[in-house]
Structure formats: structure tokens, C-alpha cells
Amino acid sequence: MQLNGIFILAELPAEIAEQVRSINERYDPKLARYKPPHITLTGSSGAGPIPPSVSVEEMQEKLEPITRETAPITVSFQKPQRFMQTDIIVLPIDPHGPLRFLHDKIVTSGLPFTRARYTFSPHTTLSLYQSLDADSTNELLKTRIPEPFVIGAIQLYHTRDPQPSRKLLELLLTGGSKKD
């Protein structure tokens, strides 16, 4: 299935991204080239991709008020699991609290989203394209990245498989910042 749509992501901070990229390179080199390591906020769960016909200006207009009122969010990965009855291995994140609030605000922003295949399930993907043997799957399911980290921005990427994704927009989460 070819995909052509805009995903909303939260790229991982450098030190966490390096750990995830190393895992991606070992278990799924194609994924390592696909996008920077990230948390998927919309596109695969909770809300499908934004149609590529939506302009960057419209996305910015609808999302900037949300990112201005949203403070950076501290999250932690849970233990790896298979994503929704697939062979995809992900590091899930608790789908409640500030991350859920951000997701819900994005989904009700007035932007059009295609239909989601799955319920909201924020995650970082460890293996997507590779068919892993049982030993590799077991090794990957033992992966742990327990350190909490901060999400300080969202990014919008146009995903058009099989071509690499292209970043269209980045918006900082600035809510809670002191105003001068």
C-alpha cells in the first residue's frame, strides 16, 4: 500500500534519537533513512494523515494557536510491543495526560484528517519494514529506554512512500513560557 499524506510527529531529543536511530539501523535500515526518530501524534493512530492538498499556511494557521498554549511535555517510553496486531515493533507512550490533550487539540483544530486505522497510540517505531526472525524480534522486545525526555516541538512531514518524507513545518511548544 502506497501512502501519501501529512503526519504530525514530535521528533525525539538528540540523545534519545541517537539511541532509537542505532536500534533502527540494526533492525530496520530502511526505517532509519525514512524520518528522524519521532513520536507519531497523527497519521497512523487516532487520526489518519492530513491530505497533501492542505497548504502549509493552513496547517500553520490551525496549529500555531495550539502550540502557543501547549507547554513542553515530559514523556517516557514503556516496554516495546507489537503495534496493534502487526509485526511492527514500537516503544509506546502513555496515551493519557498532556500528550492526549495535545493530540485531541490537533484533531479538533479544523484540519482535515483521513480516517485512522487504529485508536490513538503514541509511539516510536523500532521496526516497520523489516521482517524480523524470532531471535531479532525477541531482542527488540527486550529493548528499554527508561529515561524521561521532553518533547518541545511538533513537526509536519509529507510522507509519500516509497520516497523519503519531507519536513513541511515545525512549531515549538511554547505554552507556560514567561512573557516579557
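Residues numbered from 1 in each chain as written. Predicted model: local features only at pLDDT ≥ 70, side-chain atom pairs only at ≥ 80, totals over all residues. Heavy atoms only, no water.

### Section: the overall build of the protein
Here is step 1 of the chain: Helix and strand counts for the protein come out as five helices and nine strands.
Here is step 2 of the chain: Going residue by residue from the N terminus, the α and β elements of the protein occur as β-α-α-β-α-β-β-β-α-β-α-β-β-β.
Here is step 3 of the chain: Relative to a compact globule of 180 residues, whose C-alpha radius of gyration would be 16 Å, the protein shows 16 Å and is just as compact.
Here is step 4 of the chain: Here the analysis covers contacts within the protein between residues at least 6 apart in sequence; of these, 80% occur between residues at least 24 apart.
Here is step 5 of the chain: Distance from the positive charge centre (20 side chains) to the negative charge centre (20 side chains) of the protein: 4 Å. (Helix = DSSP H or I, 4+ residues; strand = E, 2+ residues; numbered from the N terminus. Rg over C-alpha atoms; globule rule 2.2 N^0.38 Å. Contact = heavy atoms within 4.5 Å. Lys, Arg positive; Asp, Glu negative; His and termini not counted. Charge placed at Lys NZ, Arg CZ, Asp CG, Glu CD.)

### Looking at the packing of helix 1 (residues 14-27) against helix 5 (residues 134-141)
To characterise two packed helices, one gives the angle between the axes of the helices and the distance between these axes.
Here is step 1 of the chain: Interaxial distance between helix 1 and helix 5 falls to 12 Å at its minimum, and their mutual angle equals 175°. When the interaxial angle is binned, helix 1 and helix 5 end up roughly antiparallel. Residues I23, R26 and Y27 of helix 1 touch helix 5, and the partners they reach there are S136, E139 and L140.
Here is step 2 of the chain: Looking at the contact of helix 1 with helix 5 residue by residue, the class counts come to three nonpolar, one polar and two charged. (Axes fitted to C-alpha atoms, helices over the stretch in contact; angles between N-to-C directions. Parallel < 35°, antiparallel > 145°, perpendicular 65-115°, else oblique. Nonpolar A, V, L, I, M, F, W, Y, C, P; charged D, E, K, R; others polar.)

### Details of the packing of aromatic side chains
Here is step 1 of the chain: Inspection of every chain in the model, using the stated rule, returns one aromatic pair.
Here is step 2 of the chain: Ring geometry for F77 versus F149: centroids 5.0 Å apart, planes at 45°, classification tilted. Linking F77 in the loop between strand 3 (73-75) and strand 4 (81-82) with F149 in strand 7 (residues 149-151), this pair joins segments that are 72 residues apart in sequence. F149 shares its class with F77; the two are buried. (Phe/Tyr/Trp six-rings, centres within 6.5 Å; stacked < 30°, edge-to-face > 60°. Buried < 20%, exposed > 50% of the residue type's maximum accessible area, 1.4 Å probe, protein only.)

### As for the nonpolar core
Here is step 1 of the chain: In this structure, I8, I39, L41, I50, M59, L63 and I154 are the most contacted members of the largest nonpolar core, which totals 39 residues.
Here is step 2 of the chain: The leading source of residues in this core is helix 1, at five residues.
Here is step 3 of the chain: If sequence neighbours within four positions are ignored, I154 has contacts with I8, L9, L41, L63, T67, L102, I106, L169, E170, L171 and L173. (Core = buried A, V, L, I, M, F, W, Y, C linked by side-chain atoms within 4.5 Å.)

### Digging into empty space enclosed by the protein
Here is step 1 of the chain: Applying the stated criterion across every chain, the model contains one cavity of 30 Å³ or more.
Here is step 2 of the chain: V20, N24, L31, Y34, K35, P36, P37, H38, T124 and T125 are the residues that line the largest cavity.
Here is step 3 of the chain: Of all the elements in the fold, those that place two or more residues in the lining of the largest cavity are helix 1, helix 2 (29-34) and strand 6 (123-127).
Here is step 4 of the chain: Partitioned by chemical class, the residues of the lining of the largest cavity number five nonpolar, four polar and one charged. (1 Å grid on protein atoms, 1.4 Å probe; cavity = no way out; pocket = protein on both sides within 12 Å on 5 of 7 lines; lining within 4 Å. Points joined across faces, edges and corners; volume = space filled by probe spheres on them.)

### Concerning the pattern of salt bridges
Here is step 1 of the chain: Per the stated rule, a full pass over the model turns up seven salt bridges.
Here is step 2 of the chain: As a salt-bridge pair, K167 and E11 come within 3.3 Å of each other at their nearest N and O atoms. Highlighted residues: K167 in strand 9 (residues 166-172) and E11 in strand 1 (residues 4-11), separated in sequence by 156 residues.
Here is step 3 of the chain: Accessibility expressed as a relative area gives 37% for K167, which makes it partly exposed.
Here is step 4 of the chain: Among the charged side chains, a salt-bridge network with shared partners connects E11, K167 and E170. (Salt bridge = Lys/Arg side-chain N within 4 Å of Asp/Glu carboxyl O.)

### Some details on helix 3 (residues 56-69)
Here is step 1 of the chain: With 14 residues, helix 3 should reach 20 Å at 1.5 Å per residue; the first-to-last C-alpha distance of 20 Å fits that figure.
Here is step 2 of the chain: At L63, helix 3 shows its largest bend, some 35°, and a proline, P65, comes one to four positions later.
Here is step 3 of the chain: On its buried side, helix 3 packs onto strand 1, helix 4 (98-107), strand 8 (153-160) and strand 9. (Expected span 1.5 Å × (residues − 1). Bend = angle between axes of the 7 residues up to and from the residue.)

### Regarding the packing of helix 3 against helix 4
Here is step 1 of the chain: Contact geometry of helix 3 with helix 4 gives a least axis separation of 10 Å together with a crossing angle of 160°. Comparing the axis directions of helix 3 and helix 4 gives the class roughly antiparallel. Like other packed secondary-structure pairs, helix 3 and helix 4 cross with a definite hand, here right-handed. Note on element contacts: helix 4 touches helix 3 through L102, K105 and I106, opposite L63, I66 and E69.
Here is step 2 of the chain: Across the contact of helix 3 with helix 4, the residue classes tally to four nonpolar, no polar and two charged. (Left-handed = near helix turned anticlockwise from the far one by under 90°.)

On their own, these measurements won't tell you what the molecule is for.
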